Amino acid sequence: MDVERKTSFGRIDIVLHTKDYIYVMELKVDTPAEKALEQIDSKEYLLPFAEDERKLYKIGVSFSSKKRTISEWKCVEVS
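(A) Layout of the packing of aromatic side chains. One pass over the structure, following the stated rule, counts three aromatic pairs. Pairing Tyr21 with Tyr57 gives two aromatic rings, centres 6.0 Å apart and planes at 50 degrees, and the pair type is tilted. Pair noted here: Tyr21 is in strand β3 (residues 21-29) and Tyr57 is in strand β4 (residues 55-64), with a separation of 36 residues, a long-range link. Taking relative accessible area as the criterion, Tyr57 reaches 15% and is therefore assigned buried. Taken together, Tyr21, Tyr23 and Tyr57 form an aromatic cluster joined through their ring pairs.

Listed below in structure tokens is the structure:
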């Protein structure tokens, strides 16, 4: 697992590597999970993993500051 992995365009919140999968996660507070997915795309966070043969997923997670828990999450298979 990598946390706050630096890229040319920003920092990926979490990258989780397993034998068969790579999960790229962006975390937000009081912001829709869709915005987190948009950030993954706009800042090209998936680019370093383009040639990797493992299945790639992007995950956007939104936390509620009021409820202090996950309010929404979305997962999209990229490859």
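From this point, the narrative continues.
(B) Up close: the sheet that holds β3. Strand order in the open sheet made by the five strands is β1-β2-β3-β4-β5, with mixed pairing throughout. Strands at the two margins of the open sheet, each flanked by one partner only, are β1 (2-6) and β5 (69-77). Here the strands of the sheet are splayed against their neighbours by 30 degrees on average, with no regard to which way each runs. Strand direction decides the pairing type here: strand β2 (residues 11-17) and β3, joined by four bridges, are antiparallel. Paired with Leu16 across the bridge in β3 is Tyr23. Of the strands in this sheet, β3, β4 and β5 touch helix α1 (residues 33-42), which is tilted by about 135 degrees from β4.

(C) View of the nonpolar core. Counting residues in each nonpolar core, the largest one holds ten residues, listed as Ile12, Val15, Ile22, Val24, Leu37, Ile40, Tyr45, Leu46, Phe49 and Leu56. Where this core is concerned, the elements lending two or more residues are β2, β3 and α1.

(D) Main features of the environment of Thr31. Looking at the element boundaries, Thr31 is found in the loop between β3 and α1. Thr31 sits in the partly exposed class, given a relative accessible area of 25%. Expressed as a C-alpha distance, the spacing of Thr31 and Phe63, which sit 32 residues apart in the sequence, is 7.7 Å.

Definitions and cut-offs
Residues numbered from 1 in each chain as written. Predicted model: local features only at pLDDT ≥ 70, side-chain atom pairs only at ≥ 80, totals over all residues. Heavy atoms only, no water. Phe/Tyr/Trp six-rings, centres within 6.5 Å; stacked < 30°, edge-to-face > 60°. Helix = DSSP H or I, 4+ residues; strand = E, 2+ residues; numbered from the N terminus. Buried < 20%, exposed > 50% of the residue type's maximum accessible area, 1.4 Å probe, protein only. Pairing = 2+ DSSP bridges. Axes fitted to C-alpha atoms, helices over the stretch in contact; angles between N-to-C directions. Contact = heavy atoms within 4.5 Å. Core = buried A, V, L, I, M, F, W, Y, C linked by side-chain atoms within 4.5 Å.

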